[in-house]
Amino acid sequence: MGNNSNIKSLQAALLERLPGTRVRERELLCEHTTFKIGGPADLFIEPTSMAELSFVLRTIHEQRVPVTVIGCGSNILVKDGGIRGAVVSVRQMMQIMDCNDNILCIGSGFMLKDASEFAWKNSLTGLEFAIGIPGTLGGAVFMNAGAYDGEMSNVVTMVRAVDFEGHIKEYDASHLDFAYRHSIFHDNHEVIGEVVMTLEYGDKAAIKARMDELTAKRESKQPLEFASAGSTFKRPPGYFAGTLIEQTGLKGLSVGDAQVSHKHAGFVINTGRATAKDVLNLIQEVQRRVYDEHGVHLEPEVRMIGED
């Protein structure tokens, strides 16, 4: 464990405002990642509101404990030794504040899929592209997630975030620095707490038809029946990662229970009880063989965090 006295002191300070059910020691992070992989966090904390998030981050800062922030864990591989210090999960920040007609204000822990369905139920169009993207709304804004000709920058009009000293900030669309898989939060490292989106009114049946079409496309092409972190590798310039891996004959290649998916070679999946070490060794082997055959270096899209 990290500095034990600091962790104990932080835990005591947090329990003055938060229930013990949301401040937990030695929480296994395999329970909080879509890969179903990961060792323990020294202290795992779940705020449910902007006020709680501000309090938590300020208290962690005051206690001088290192902090890692996660959502639903859909684009990360937590190593087998886990994460030292505090892990703050925004997954419980799920309030829907239907601000005004076609303007939605939603907590950053709300799943992107659920936000898409909420919009459809209110006859709002603009979020259909998001129906199959795994992850939270906050993670989607952080990455400027997109698919099928849509991306978050098209609909997000304001974000409320908290810095690591607990100060609450507001950013309108012009200050979010959106680019391909990028936002200002890559640079300022603030934690997204609430997202405001402006959508358009549309035909409810047409919105649902588009969502169904995109869901069918994704289900036919991706190994959604297995635990994974989504696409394992970034798209190299001029190529598709999955195509290169398939051309190298690596579909089905395994290390332990980590496997290159037979359905889509761009995905490394957990077929049972894969460890982070299994996944990392498999990624390195795929990188080596693709480079040897094609001269292309594949860069992981999945973030590796924690300790061996």
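Residues numbered from 1 in each chain as written. Predicted model: local features only at pLDDT ≥ 70, side-chain atom pairs only at ≥ 80, totals over all residues. Heavy atoms only, no water.

On to the UniProt feature "active site" (unreviewed entry) in the protein chain. What UniProt calls "active site" (unreviewed entry) maps, in this numbering, to Arg-181, Ser-231 and Glu-301. Separation in sequence by 121 residues is not matched in space for these annotated residues, since their most distant C-alpha atoms are only 13.3 Å apart. As for its placement among the helices and strands, Ser-231 is situated in the loop between β15 (227–228) and α7 (241–247). Ser-231 has contacts with Gly-266, Phe-267, Glu-301 and Val-302, leaving out every residue within four places of it along the chain. (UniProt positions renumbered as here; feature names shortened; annotations may be inferred. Helix = DSSP H or I, 4+ residues; strand = E, 2+ residues; numbered from the N terminus. Contact = heavy atoms within 4.5 Å.)

With that settled, consider the packing of aromatic side chains. All chains considered together, the criterion is met by one aromatic pair. The side chain of Lys-204 reaches across the aromatic face of Trp-120, ending 5.9 Å from its centre. (Phe/Tyr/Trp six-rings, centres within 6.5 Å; stacked < 30°, edge-to-face > 60°. Lys NZ or Arg CZ within 6 Å of the ring centre and 35° of its normal.)

Bringing the sheet that holds strand β18 (residues 268–270) into the picture now. Across the sheet, four strands lie side by side as β15-β18-β17-β16; this open sheet has antiparallel pairing. With partners counted over all chains shown, the strands left at the sheet margins are β15 and β16 (254–255), one partner each. Two elements, β15 and β18, share two bridges in a ladder whose sense is antiparallel. Looking at β18, one finds that Ser-228 is bridged to Ile-269. On the sheet, helix α8 (residues 276–294) packs against β16, β17 (258–260) and β18 and is oriented at approximately 30 degrees with respect to β17. (Pairing = 2+ DSSP bridges. Axes fitted to C-alpha atoms, helices over the stretch in contact; angles between N-to-C directions.)

Turning our attention to the sheet that holds strand β2 (residues 40–45). Spatially, four strands are ordered β1-β2-β5-β3 in an open sheet, and the strand pairing comes out mixed. The open sheet has two edge strands, β1 (23–28) and β3 (67–70), and neither has a second partner. Strand-to-strand twist in this sheet, taken as the mean axis angle between neighbours without regard to direction, amounts to 35 degrees. Strand direction decides the pairing type here: β2 and strand β5 (residues 83–89), joined by four bridges, are parallel. Pairing of Ile-45 across the sheet is with Val-88, part of β5. Its contacts with the sheet put helix α2 (residues 50–63) on β2, β3 and β5, and the angle it makes with β5 is roughly 165 degrees.

Let us look at the pairing of β2. Along any regular strand the residues' side chains alternate between the sheet's two faces. In terms of residue burial, β2 counts as a mostly covered element, since six of its six residues are buried. Examined bridge by bridge, β1 and β2 share five bridges and lie antiparallel to one another. Bridging from a neighbouring strand, Val-23 pairs with Ile-45 of β2. (Buried < 20%, exposed > 50% of the residue type's maximum accessible area, 1.4 Å probe, protein only.)

Considered for burial, the residues of helix α3 (residues 112–121) that qualify are Leu-112, Ala-115, Ser-116, Ala-119 and Trp-120. For α3, the buried positions fall inside an angular range of 140 degrees around the axis, keeping them on one side. The positive-phi residue at the C-terminal boundary of α3 is Ser-123, with phi of around 55 degrees. (Arc of directions from axis to C-beta.)

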